[in-house]
Amino acid sequence: MSTTPRVISFHYTLTNKAGEVIDTSRDSSDPFSYMEGVGQIIPGLEKSMALLSVGDKRKIEVAAADAYGTHDDQLIVEVPRAKLPNSDQLQEDDQFQASGPNGEMLLFRVVTIEGDNVKLDGNHPLAGEDLVFDVEVIGVRDASKEEVAHGHAHGPGGHHH
Ligand code: ZN
């Protein structure tokens, strides 16, 4: 086994269990690219993708726990409006980063604003959702030294600087 991580390019269409399309790379001419082993894609998908070869097409089901996590009621919090950035202009669906209960940075979304009380939700919008990825592997190659140093894939479908 080579110790160089691989960069995998693939097209995908992401749907929830109800069959509703959430996201797709088919809108773009370039497939999505990621480097293995650095958490660029959700763990449940990366594990299944690692077994595929160029040209393979698969439907990969990923349970919520291996996707964006289960829904955590503790991440729904109420805070006084004055404690939030840009509190004067705050609107529902605004998002900002703040530290969660374990100190990790989370993206919080404003759910409701009632007077001075703001309800925030730090769950990922797809938390609690079982997902289905319809994938086609387009390319597999070794990561470059630069990609390894940066911790992400470069080029079409990857990170642009
Ligand atoms: Zn880079």
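Higher on the page you've got the structure.
A brief structural summary. (Residues numbered from 1 in each chain as written. Predicted model: local features only at pLDDT ≥ 70, side-chain atom pairs only at ≥ 80, totals over all residues. Heavy atoms only, no water.)

**Some remarks on the overall build of the chain**
Moving on, step 1. Counting secondary structure elements, the chain contains two helices and nine strands.
Moving on, step 2. Along its sequence from the N terminus, the chain presents helices and strands in the succession β-β-β-α-β-β-β-β-β-β-α.
Moving on, step 3. Projected onto the principal axes, the alpha-carbon positions of the chain cover approximately 55 × 40 × 30 Å.
Moving on, step 4. Across the 161 residues in the chain, those meeting the buried criterion constitute 37%.
Moving on, step 5. Relative to all contacts within the chain whose residues are 6 or more apart in sequence, the contacts with residues 24 or more apart total 61%.
Moving on, step 6. When the accessible surface of the chain is split by element, carbon and sulfur atoms take 47% of a total near 9,800 Å².
Moving on, step 7. Here the chain contributes 13 positive and 27 negative side-chain charges, whose respective centroids are spaced 6 Å apart. (Helix = DSSP H or I, 4+ residues; strand = E, 2+ residues; numbered from the N terminus. Buried < 20%, exposed > 50% of the residue type's maximum accessible area, 1.4 Å probe, protein only. Contact = heavy atoms within 4.5 Å. Areas by Shrake-Rupley, 256 points an atom, 1.4 Å probe, with all protein chains shown as cover. Lys, Arg positive; Asp, Glu negative; His and termini not counted. Charge placed at Lys NZ, Arg CZ, Asp CG, Glu CD.)

**Re the coordination of the zinc ion**
Moving on, step 1. At this site the zinc ion is bound by His150 (ND1), His152 (NE2), His154 (NE2) and His161 (NE2), with donor distances of 2.0 to 2.1 Å.
Moving on, step 2. Because the angles between the four donor atoms bound to the zinc ion fall within 101 to 123°, the donor set is best described as tetrahedral.
Moving on, step 3. One chain supplies every donor for the zinc ion, spaced along it as H-x1-H-x1-H-x6-H.
Moving on, step 4. Accessibility expressed as a relative area gives 38% for His150, which makes it partly exposed.
Moving on, step 5. Residue classification places His152 among the buried residues on the basis of a relative accessible area of 13%. (Donors = N, O, S within 2.8 Å, 3.2 Å for Na, K, Ca; no water. Tetrahedral: all angles 85-135°; square planar, octahedral: opposite > 155°, others 65-115°.)

**Quick notes on the nonpolar core**
Moving on, step 1. Ranked by size, the top nonpolar core spans 18 residues in total, and within it Leu45, Met49, Ile60, Phe133 and Val135 carry the most contacts.
Moving on, step 2. When residues of this core are traced back to their parent elements, those giving at least two are strand 1 (6–16), helix 1 (43–49), strand 4 (57–62) and strand 9 (131–142).
Moving on, step 3. Ignoring anything within four residues of it in the chain, the contact list for Leu45 reads Phe10, Ile60, Val62, Phe133 and Val135. (Core = buried A, V, L, I, M, F, W, Y, C linked by side-chain atoms within 4.5 Å.)

**Considerations on the sheet that holds strand 8 (residues 117–121)**
Moving on, step 1. With respect to topology, four strands assemble into an open sheet ordered 5-8-7-6, the strand pairing being antiparallel. Since the sheet does not close on itself, it has two edges, and those belong to strand 5 (76–80) and strand 6 (95–99), each with one partner. Mean inter-strand twist for the sheet, computed between neighbouring axes without regard to direction, equals 40°.
Moving on, step 2. Pairing geometry for strand 5 and strand 8, over five bridges, is antiparallel. Counted as the bridge partner of Val77 is Leu120 from strand 8. (Pairing = 2+ DSSP bridges. Axes fitted to C-alpha atoms, helices over the stretch in contact; angles between N-to-C directions.)

**A closer look at the side chain of Glu147**
Moving on, step 1. Its location among the elements puts Glu147 in helix 2 (residues 145–150).
Moving on, step 2. Here Glu147 falls in the buried class, since its relative accessible area comes to 2%.
Moving on, step 3. In contact with Glu147, not counting residues within four places along its chain, are Val7, Met35, Arg141, His152, Ala153 and His154.

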